[in-house]
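Residues per chain, in single letters:
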Amino acid sequence: MISVENLVFDYPGLRALHGVAFEIGEGSITALVGPNGAGKTTLLRCIAALETPVAGRISVDGVDVQDAPRQCHRRMGYLSDFFGLYNELTVEQCLRHRAAAQDVPPGKHAALVSRAAGRTGLDDRLGQKAGELSRGLRQRLAIAQSILHEPPVVLLDEPASGLDPEARAELSRLFLQLRAEGMTLVVSSHILAELEDYSTHMMILREGRLVEHRRIDGVEGAERRVTVVVRLAEPSDRLPAIVEALPDCEVVSADESGAKIVLPAPALERHRALKHLMDEGLAVAAFEELRPDLQETYLAHLREEPRS
Ligand code: ATP
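Residues numbered from 1 in each chain as written. Predicted model: local features only at pLDDT ≥ 70, side-chain atom pairs only at ≥ 80, totals over all residues. Heavy atoms only, no water.

**Q** How do you make sense of the overall build of the protein chain when you look at a structure like this?
**A** When you go through the protein chain residue by residue, the secondary structure sums to ten helices and 14 strands. Once the C-alpha set of the protein chain is aligned to its principal axes, its extents read approximately 70 × 50 × 30 Å. Working note: accessible area of the protein chain is about 15000 Å², and carbon and sulfur atoms make up 49% of it. Of the charged side chains in the protein chain, 35 are positive and 46 negative; the average position of the first set lies 5 Å away from that of the second. (Helix = DSSP H or I, 4+ residues; strand = E, 2+ residues; numbered from the N terminus. Areas by Shrake-Rupley, 256 points an atom, 1.4 Å probe, with all protein chains shown as cover. Lys, Arg positive; Asp, Glu negative; His and termini not counted. Charge placed at Lys NZ, Arg CZ, Asp CG, Glu CD.)

Next comes the structure, spelled out in structure tokens:
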């Protein structure tokens, strides 16, 4: 859905992107993370056809962003990290204006405005002026504007900034809903814990280079293995030997009160392992899959020496 090849971007006296390349598949949600100044905003602006790179090619939904930027804009929604709103227009007018700007046929404006407002929790604010909204509500309006024309690709630069915890949770749900409807999202944020709730992929930028791009939602390949933490309600010195004897199980650690083991990912395999522990009469209080931790992976990459 998004293809980036050898992308190089320079600001005067500074190379901000050094040959970045990746492919983003349809229906994914990619968390774009990296320290301040890593190049996230620059990358999103290049994909959104708002900057002209020194070298490289970008295509969105099969359209080259340099050759046909307008066509790309029809196919994408973009939320900038800093944005302006028409303060004298009401929420409804802002959304209708966006619909017109995106060349949505007038007959569809009302339905799209109402859907975007409903999705972002602004349905009771349609008559209020944008300039009278709080920071979080302005953020929601900007998000509503960016998804109004229901594009196949949505790029969001720090969408959760300024939102209260409830609105952030709603935003996570909205992203999952948009994905379920087939949209492809790229979301940059510093709030890693929330990105982990909805992202399918993680991309780490560091000093203008892509240092990691991988799936994080754990639905890859039949050979995939998962780490499981076992905790006992009553200690048993038989636990280490029992987990050692589990078929196709790697024991990371085990003592009388718990164990960390690596098992094949299919649910049935995990069920068999749990059943075996129960059949052995162990008082299993917890049998939990450890998700690959986005924050841990991110920090591990930042601890590595940068490439020259
Ligand atoms: P943050 O997390 O702080 O938003 P970022 O990863 O989005 O950072 P960018 O805003 O893309 O990073 O900036 C990448 C690099 O380009 C930084 O070194 C920044 O100082 C520089 N830069 C960004 N905008 C400009 C500009 N308009 N002119 C010159 N340099 C710029």
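**Q** In this structure, what is going on with the site of the ligand? I would like to understand it.
**A** Looking at the ligand, the residues that line it are Tyr11, Leu14, Ala16, Pro35, Asn36, Gly37, Ala38, Gly39, Lys40, Thr41, Thr42 and His190. Within the side chain of Asn36, an N or O atom sits 2.9 Å from an oxygen atom of the ligand. Contact distances for the ligand include 3.1 Å between an oxygen atom and a side-chain N or O atom of His190. Relative to its unbound accessible surface of 640 Å², the ligand loses 60% to contact with the protein. Mapped onto the shell around the ligand, the elements with two or more residues apiece are strand 2 (14–24) and helix 1 (40–47). Element by element, the count of residues in the shell around the ligand is highest for helix 1, at three residues. Of the residues that constitute the shell around the ligand, the class distribution is five nonpolar, six polar and one charged. (Near = heavy atom within 4 Å. Polar contact = N/O pair within 3.5 Å; in protein donor to acceptor, adjacent residues only side chain to side chain. Nonpolar A, V, L, I, M, F, W, Y, C, P; charged D, E, K, R; others polar.)

**Q** Explain the environment of Thr42 here, please?
**A** Residue placement: Thr42 occurs in helix 1. Thr42 gets classed as buried once you look at its relative accessible area, which sits at 7%. Along the sequence, Thr42 and Leu126 sit 84 residues apart, while their C-alpha atoms lie 33 Å from each other. Other than its neighbours up to four places away in sequence, Thr42 contacts Phe9, Tyr11, Ala16 and Leu17. In terms of polar contacts, Thr42 uses its side chain to reach the side chain of Tyr11, at 2.9 Å. (Buried < 20%, exposed > 50% of the residue type's maximum accessible area, 1.4 Å probe, protein only. Contact = heavy atoms within 4.5 Å.)

**Q** Hey, could you run me through the packing of helix 3 (residues 91–101) against helix 4 (residues 109–119) in this one?
**A** Packed helices, taken two at a time, are described by their axes: the angle between them and the distance between them. Two elements in contact, helix 3 and helix 4, have axes whose closest approach is 10 Å; the angle formed by their N-to-C orientations is 125°. As the angle between them shows, helix 3 and helix 4 are arranged oblique. Judged by the sense of rotation from one axis to the other, the crossing of helix 3 with helix 4 is right-handed. Residues Glu92, Leu95, Arg96, Ala99 and Ala100 of helix 3 touch helix 4, and the partners they reach there are His109, Ala110, Val113 and Ala117. Residue composition of the contact of helix 3 with helix 4, grouped by class: six nonpolar, one polar and two charged. (Axes fitted to C-alpha atoms, helices over the stretch in contact; angles between N-to-C directions. Parallel < 35°, antiparallel > 145°, perpendicular 65-115°, else oblique. Left-handed = near helix turned anticlockwise from the far one by under 90°.)

**Q** Before we go on, may I ask you to explain the packing of aromatic side chains in this structure?
**A** The relative placement of two aromatic rings is captured by the distance of their centres and the angle of their planes. In the structure shown here, the tally under the stated rule is two aromatic pairs. With a centroid separation of 4.9 Å and an interplanar angle of 75°, the aromatic rings of Phe9 and Tyr11 are classed as edge-to-face. Phe9 gets classed as buried once you look at its relative accessible area, which sits at 4%. Between Phe175 and Tyr198, the aromatic rings sit 5.0 Å apart at their centres with planes inclined by 75°, giving edge-to-face as the arrangement. Of this pair, Phe175 sits in helix 6 (residues 165–180) while Tyr198 sits in helix 7 (residues 192–198); the two residues are 23 residues apart in sequence, bridging distant segments of the chain. (Phe/Tyr/Trp six-rings, centres within 6.5 Å; stacked < 30°, edge-to-face > 60°.)

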